[in-house]
Amino acid sequence: MGTAASVFSTLVHAVGGFPDDGKRRPEAVAVRPGSVSLQDVTVGYARTPVFEKLDLSIEPGEFVYLVGPSGVGKTTLLKVLFGMVRPQSGKIFVDGVAVHGMHRWQTAKIRRRVGCVFQNYELLQHLTAYQNVLLPLQLGHPRVNDPGGYAVDALELVGLKHKLNELPENLSGGEQQRVAVARAIAHQPRILLADEPTGNVDSDTSARILELFAELNDVGSTVIMATHDEFVLSRYSARAYWLDPKKQDQEPAHAQGVAS
Amino acid sequence: MRVVPTSTWLPQYAVSVLAYCWRCWRRRLTAWLATALAVSAVLSLAATAELFLVLAQHSLAQQARSASEFQVFLTDEAQQPQVDALRTKVGDLHGVKSVTYRSKAEALSLARHDPTLSNLASTTPGNPFPASLVVQLADPSAASQVASAISQDPATDHDVPFSYTPAQGKRLSTFLSTAQAIIVGVAAAALGVASLVGLVLLRSEIRARRAELTVLSLVGTPRPVIRLPVLVEAVSLALAGSIVATLVLIYVGGHLVPLVNGSLPFLQLGGAADAVRTISLATLAGSVMALGACSLLVRLPR
């Protein structure tokens, strides 16, 4: 495998500054590239609320775990950040873009800037691993020079360079997960969202994926990862945001740090 | 990330998008062929029905034009001043477009060229055809006004004064209006059914690709690019269907229409070449627009 640092050496984050008066206004924080901000966000399906009045602020370059038991709303929160679910109320800013008011035809804008690893991989079954990584680069990032090279680099990073031409049906669940990770990082996103990216992989691969995310984070990317995997939490030190309502009562601020 | 110069990214991007469209189309070739077959069948049926309707409409319009030519037959004893006075009187009536005098000799000459009168013209000794005033009417129903105005005129033949009676004129006018309304209604229904079937086929086709469209949307593909293969597929279906429909029309126009003309003397549809050309173009334009619009109306996943 190559190193993330070598591949992402050209990654430049234009992190915005604060206002001249030095005061940190919430709006100023919210629109900074690489940041994520939820203000009074309420999300629900039909009449069943998933969150109510949720506040969360993530600085550019942070690594944050979304932690909680199954069904607590980790995936829904990531879907909200990715523009797949519209909030009932509140404001959401991702990478400086107001996601809460986006129409469906505008969501591609944020999705091109943010990488996302989906829980069920969402791979195109008729495309090879290489084509699955290449296609979003070709169609979503027309100005990228040599998209094929970036796709191969990303697959090399997840240890799948030898399976470039395999269809997803010929890959194991863990390998499909790694293709999904490669697709999410291939365009060097400023923000990476990952929904249980280690859910279907063995501990070695899990460690490798986590290491990859850490390297991405080291070069400035913001990483938000939903997990309930104790191994992951113990492996890499990062701020954890508990979505368990009981624990939120105990830690009412913006969650607690978890040390490895 | 390394970026390509502004001058070259657009053609490269176009190639990528077209390659993607081609890959989508090739992968669904079997389903596409089945859909194209159904669209072709619907368009061919609709176009054929349209061809017969248009030809029948032309035939009716021709009959309507003939019916608007109302003849006032003159008695053989009518003097020229009487004829001139009658001509002026008829010309001033409402609903009359023009009045021309047709002599006995001209009437005989015309009858010799008319398939339904040539026998009478050749077998009858002398000239049995009377001189007449040929009145061009705006509508056959206007014949009643002409009839009432000249019924007592000394120049008219009192045994057979007109080419058709005012009552016949009214009935003919009503019949032509009804027939035209039916033809327009049937044509609109055929076109509507063809469009509806095309839209349903395309929608089911797109539904089958929903999972793929969802993934493309999730990875940030611009929505116009996601729509493009669907649009290309819709247009290709319309083109294929139109080509098949045109071939069917050419066959029907070249073989079936002459057969109908030969078998049914009372229904003369005439030549079909112009109608085939017009309907082919209309089918092509209509199907491309209808199926293209349908592909744009389909909602993409969020």
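Residues numbered from 1 in each chain as written. Chains lettered and ligands numbered in written order. Predicted model: local features only at pLDDT ≥ 70, side-chain atom pairs only at ≥ 80, totals over all residues. Heavy atoms only, no water.

**Observations regarding the side chain of E175 of chain A**
Mapped onto the elements of the fold, E175 of chain A is located in helix α7 (residues 173–185). Since its relative accessible area comes to 13%, E175 of chain A is described here as buried. (Helix = DSSP H or I, 4+ residues; strand = E, 2+ residues; numbered from the N terminus. Buried < 20%, exposed > 50% of the residue type's maximum accessible area, 1.4 Å probe, protein only.)

**What about the pairing of strand β4 (residues 89–94) of chain A?**
Residue and element names in this part refer to chain A. Note that strand β1 (residues 36–45) and β4 share five bridges and pair antiparallel. Bridging across to β4, Q39 finds its partner in K91. The pairing of β4 with strand β5 (residues 97–98) spans two bridges and is classified as antiparallel. Looking at the pairing, V94 lines up with V97 of β5. Between β4 and β5, which pair antiparallel one after the other, the connecting turn spans two residues, and D95 there sits at a positive phi close to 55°. (Pairing = 2+ DSSP bridges.)

**Observations regarding the interface of chain A and chain B**
Tallying the contact residues gives 36 residues for chain A and 27 residues for chain B. The largest contributions to the chain A side of the interface with chain B come from R104, L139 and R143 of chain A, which together make up 27% of the buried area. For the pair chain A and chain B, the number of links is zero salt bridges. Our enumeration of links across chain A and chain B arrives at three residue pairs in polar contact (both at pLDDT 80 or more). Residue assignment for the side of chain A that touches chain B shows that the elements contributing at least two residues are α4 (107–113) and α5 (129–140) of chain A. Among the residues making up the side of chain A that touches chain B, the classes are represented as 17 nonpolar, eleven polar and eight charged. (Contact = heavy atoms within 4.5 Å. Buried area = accessible area lost by both parts, 1.4 Å probe. Salt bridge = Lys/Arg side-chain N within 4 Å of Asp/Glu carboxyl O. Polar contact = N/O pair within 3.5 Å; in protein donor to acceptor, adjacent residues only side chain to side chain. Nonpolar A, V, L, I, M, F, W, Y, C, P; charged D, E, K, R; others polar.)

**Some details on unusual backbone geometry**
Residues and elements named next belong to chain A. Backbone geometry at D40 places phi at a positive 55°, although glycine is not the residue there. Mapped onto the elements of the fold, D40 is located in strand β1. On the basis of relative accessible area, D40 is assigned to the partly exposed category, the value being 40%. One non-glycine residue with positive phi stands out, namely D95, at about 55°. Examined against the element boundaries, D95 turns out to sit in the loop between β4 and β5. Judged by relative accessible area, D95 falls into the buried class, the value being 2%.

This is a description of form; function is not addressed.
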